[in-house]
There are 2 protein chains.
Amino acid sequence: MRLLITAGPTREYIDDVRYVSNASSGRMGYAIAEAALAAGWDVVLVSGPVDLAPPIGCEFHSVVTTDQMRDACLQLFPGCDGVIAAAAVSDYRPLQRITGKLSKTGGPITIEMIETDDVLAKLGHIKENRWVVGFALEAQNPRENALQKLRRKNCDWIVLNGPAAIGADTNDVELLAPSGDSVAHWTGTKRDIAADLIAWLARET
Amino acid sequence: MRLLITAGPTREYIDDVRYVSNASSGRMGYAIAEAALAAGWDVVLVSGPVDLAPPIGCEFHSVVTTDQMRDACLQLFPGCDGVIAAAAVSDYRPLQRITGKLSKTGGPITIEMIETDDVLAKLGHIKENRWVVGFALEAQNPRENALQKLRRKNCDWIVLNGPAAIGADTNDVELLAPSGDSVAHWTGTKRDIAADLIAWLARET
């Protein structure tokens, strides 16, 4: 089994200093990489900027922006059997990146943001015989929104978690199938949940 | 000597997940804290979110937003002899923070940003007999902009560095005085520069 994993946040720069991002620590994705390596799988890890060392034994690709993560994943996915997309990509980016550092003027500024490409949907739509596990971080109507994402992005399963997961050591997740069924519910440290997810995929894929 | 130090970035949230920030690692400010502790000074460290352990022996205050950093500093500065403001605060914040997580619609979004309070200027204007060292990170017209900041914010000295400093292990800085003179120029690791700065302040203050 050769597994592609995405992890961490991405950053979208407003100017050369300021960016839009989120507090994703990369811990969920890195824990999944470690669990998959421990299970004897080949692991390809594409990671946004985090303060974690890449697990020993994985093929590691470092990216900053969502477009860079998309490009890396589209290139690497065809060589893998499946993907677990644990990254919390920035799904908006400033329409323009200002060169240098925007100087304060005393007045307000307006930043136009456009949606970035949907990396998970792109992988879902080119998957052919590969499997795709997405992550959905939902604040409102979590199951409904997660299922919509699963279907729109052509995932095989989606891991549903809430905003409390961001940057935390522990998590509480449900694994949803396209039927709408909750096929697993795991709580514990991100390491525990990663091991549960890999064991589950080893049985089901 | 009792020294207040600010370090790291601050974050300004767009919604419960997304924020505006910068890649400041906190290394410069934490290195200054360590150098000051090593010189036998009392150190009060006010830090934004970073992946560094607070130096042993300092009084540590953790903050997230620029307003929180301002409040902590205004409370702590009167009990100190001076401040070194190494934090890279976010000087803009979204006018409104959205509760929950903004959902994608397919269309662009516009974010109104307003300037945050200027923490360094506030400290400069209440300093009385205390000294104030600011940091200026300048991309264009660096000396001119840094000197304008020094004067407008009522600093005693300002450390001028460039965007390459952000998140790096090394730095290349000039120390500017209100006269416009460059009174020191240090290059090396942030630890080296921190030791140089503390030795310089021990002589000059």
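Residues numbered from 1 in each chain as written. Chains lettered and ligands numbered in written order. Predicted model: local features only at pLDDT ≥ 70, side-chain atom pairs only at ≥ 80, totals over all residues. Heavy atoms only, no water.

Draft legend 1. Representation of the environment of K149(A) within the structure. By secondary structure assignment, the location of K149(A) is in helix α4 (residues 142–152). Placed 29 residues apart in sequence, K149(A) and L120(A) show a C-alpha to C-alpha distance of 9.5 Å. The contact partners of K149(A), leaving out residues within four places of it in the chain, are A136(A), L137(A), E138(A), I158(A) and K101(B). (Helix = DSSP H or I, 4+ residues; strand = E, 2+ residues; numbered from the N terminus. Contact = heavy atoms within 4.5 Å.)

Draft legend 2. A look at the UniProt feature "domain: DNA/pantothenate metabolism flavoprotein C-terminal" (unreviewed entry) in chain A. Under the local residue numbering, the UniProt record ascribes the feature "domain: DNA/pantothenate metabolism flavoprotein C-terminal" (unreviewed entry) to residues 2–202 of chain A. Across residues 2–202 of chain A, the secondary structure splits into 27% helix and 32% strand, with the terminal C-alpha atoms separated by 12 Å. (UniProt positions renumbered as here; feature names shortened; annotations may be inferred.)

Draft legend 3. Fine view of unusual backbone geometry. All names here are of chain A. Here E128, not a glycine, exhibits a phi torsion of approximately 50 degrees, which is positive. Position of E128 relative to the elements: it lies in the loop between α3 (119–125) and β9 (131–137). A positive phi is found at N154, a non-glycine position, where the angle reads about 60 degrees. Following the sequence through the fold, N154 ends up in the loop between α4 and β10 (157–161).

Draft legend 4. Fine view of helix α1 (residues 27–38) of chain B. For α1(B), spanning twelve residues, the distance from its first C-alpha to its last is 16 Å, which sits close to the expected 16 Å at 1.5 Å a residue. The positive-phi residue at the C-terminal boundary of α1(B) is G40(B), with phi of around 90 degrees. (Expected span 1.5 Å × (residues − 1).)

Draft legend 5. Examining the interface of chain B and chain A more closely. Chain B puts 37 residues into the contact, and the matching count from chain A is 37 residues. Across the interface of chain B and chain A, roughly 3200 Å² is buried in total on both sides, 52% from carbon and sulfur atoms. It is Y92(B), K101(B) and K104(B) that lose the most area in chain B upon contact with chain A, and together they represent 19% of the buried surface on that side. Counting every contact that joins chain B to chain A gives four salt bridges. When the shortest N-O distance is used, the salt bridge between R18(A) and D91(B) registers 2.7 Å. Inspection of the region where chain B meets chain A yields 17 residue pairs in polar contact (both at pLDDT 80 or more). Only β3 (18–22) and β8 (109–115) of chain B provide two or more residues apiece to the side of chain B that touches chain A. When residues of the side of chain B that touches chain A are assigned to their parent elements, the largest contribution, seven residues, is made by β8(B). Here the residues of the side of chain B that touches chain A sort into 16 nonpolar, eleven polar and ten charged. (Buried area = accessible area lost by both parts, 1.4 Å probe. Salt bridge = Lys/Arg side-chain N within 4 Å of Asp/Glu carboxyl O. Polar contact = N/O pair within 3.5 Å; in protein donor to acceptor, adjacent residues only side chain to side chain. Nonpolar A, V, L, I, M, F, W, Y, C, P; charged D, E, K, R; others polar.)

Draft legend 6. Summary view of the side chain of N145(A). Relative to the elements of secondary structure, N145(A) occurs in helix α4. Residues in contact with N145(A), not counting those within four places in the same chain, are E138(A) and Q140(A).

Draft legend 7. Structural detail: the sheet that holds strand β5 (residues 59–62) of chain B. Residues and elements named next belong to chain B. The strand order across the open sheet formed by eight strands is β5-β4-β1-β6-β9-β10-β11-β12, and the pairing between neighbours is mixed. In the strand order of this sheet, the two ends are held by β5 and β12 (182–189), each with one partner. Strand-to-strand twist in this sheet, taken as the mean axis angle between neighbours without regard to direction, amounts to 15 degrees. Taken together, the seven bridges between strand β11 (residues 170–176) and β12 define a ladder with antiparallel strand orientation. Bridge pairing in β12 places T170 opposite T189. Strands β1 (2–7), β4 (42–47), β5, β6 (82–85), β9 (131–137) and β11 of the sheet are contacted by α1, whose axis makes an angle of about 165 degrees with β1. Lying over the sheet, helix α2 (residues 66–76) contacts β1, β4 and β5, oriented at roughly 160 degrees with respect to β4. (Pairing = 2+ DSSP bridges. Axes fitted to C-alpha atoms, helices over the stretch in contact; angles between N-to-C directions.)

Draft legend 8. Structural detail: the pairing of β8(B). Sheet analysis places strand β8 (residues 109–115) of chain A next to β8(B), joined by five bridges and oriented antiparallel. Each residue of the ladder has a partner; that of I111(A), found in β8(B), is I111(B). Two elements, strand β7 (residues 92–94) of chain B and β8(B), share three bridges in a ladder whose sense is antiparallel. Within β8(B), the position partnered with P94(B) by the bridge is M113(B).

Draft legend 9. Expanded view of the relation of the copies chain B and chain A. Superposing chain B onto chain A takes a rotation of 180 degrees plus a shift of 0.0 Å along the axis, which leaves an RMSD of 0.0 Å. Seen this way, the second copy is the image of the first under a two-fold rotation axis. (Least-squares fit on C-alpha atoms with pLDDT ≥ 70 in both.)

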